[in-house]
Amino acid sequence: MKLTVNDKTVNIFEGAVARDAVRRYMSMCGRNMHTDIDNDVEVCDRYGHEIGLDAPLKDGLYIEVKQLKNEER
């Protein structure tokens, strides 16, 4: 299935959750894969509402990944 993460199209497997999309997005962008996704990123829907990393994804969905700074944790 295809979804959009931070304005980039990401192809991901059916049944994926937000955590899987974050990993795929970070890999595509060459970002640090040693980031503790559970504690260092926030995932929001297209309306800015935070969604959990275990949230199921659907084809065509838009999500935004924000990397938190140490002081925001």
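What comes next is a walk through the structure. The structure presented is a predicted model; accordingly, all values stated were derived computationally and were not measured.

A few words now on the nonpolar core. Grouped together as the largest cluster of nonpolar side chains are 18 residues, with contacts concentrated most on Leu3, Val5, Val22 and Leu57. Of all the secondary-structure elements, those providing two or more residues to this core are β1 (2-5), α1 (18-28), β3 (41-45) and β5 (62-67). If you tally residues by element for this core, the top one is α1, at five residues.

So, on to the sheet that holds strand β4 (residues 50-51). Whether parallel or antiparallel, the strands of a sheet pair through hydrogen bonds between backbone atoms. In spatial order, the strands read β2-β1-β5-β3-β4; together these five strands make up an open sheet with mixed pairing. Looking at strand neighbours, the two that pair on one side only are β2 (8-11) and β4, the edges of this open sheet. Bridge count for β3 against β5 is five bridges, and the pairing is antiparallel. What sits directly across from Asp45, in β5, is Ile63. Contacting β1, β2, β3, β4 and β5, α1 runs over the sheet at an angle of about 115 degrees to β2.

A few words on α1. Inspection of α1 places Ala18, Arg19, Asp20, Ala21, Val22, Tyr25 and Met26 among the buried residues, and these make up the whole buried set. On its buried face, α1 sits against β1, β2, α2 (37-40), β3, β4 and β5. Taken from the residues just after α1, Gly30 is the one with a positive phi, measuring 70 degrees.

The rules behind each value
- Counting restarts for each chain, with residues numbered from 1 along the sequence as it is written.
- Local features in this predicted model are restricted to residues whose pLDDT is 70 or higher, and side-chain atom pairs enter the listing and the counts only when it is 80 or higher, whereas totals over whole chains, interfaces and linings include all residues.
- Working from all heavy atoms in the structure, the side-chain values ignore hydrogens and water.
- In this description, a nonpolar core means a group of buried Ala, Val, Leu, Ile, Met, Phe, Trp, Tyr and Cys residues linked to one another through side-chain atoms lying within 4.5 Å.
- Exposure is judged per residue with a 1.4 Å probe applied to protein chains only, and the accessible area is read against the type maximum: over 50% gives exposed, under 20% gives buried, and values in between give partly exposed.
- Numbered from the N terminus, helices here are DSSP runs of H or I no shorter than four residues, and strands are runs of E no shorter than two.
- Any two strands are treated as partners once DSSP identifies two or more bridges connecting them.
- Any two residues having at least one pair of non-hydrogen atoms within 4.5 Å are treated as being in contact.
- Note on geometry: axes are lines fitted to C-alpha atoms, helical ones only across the stretch in contact, with angles between N-to-C directions running from 0 to 180 degrees.

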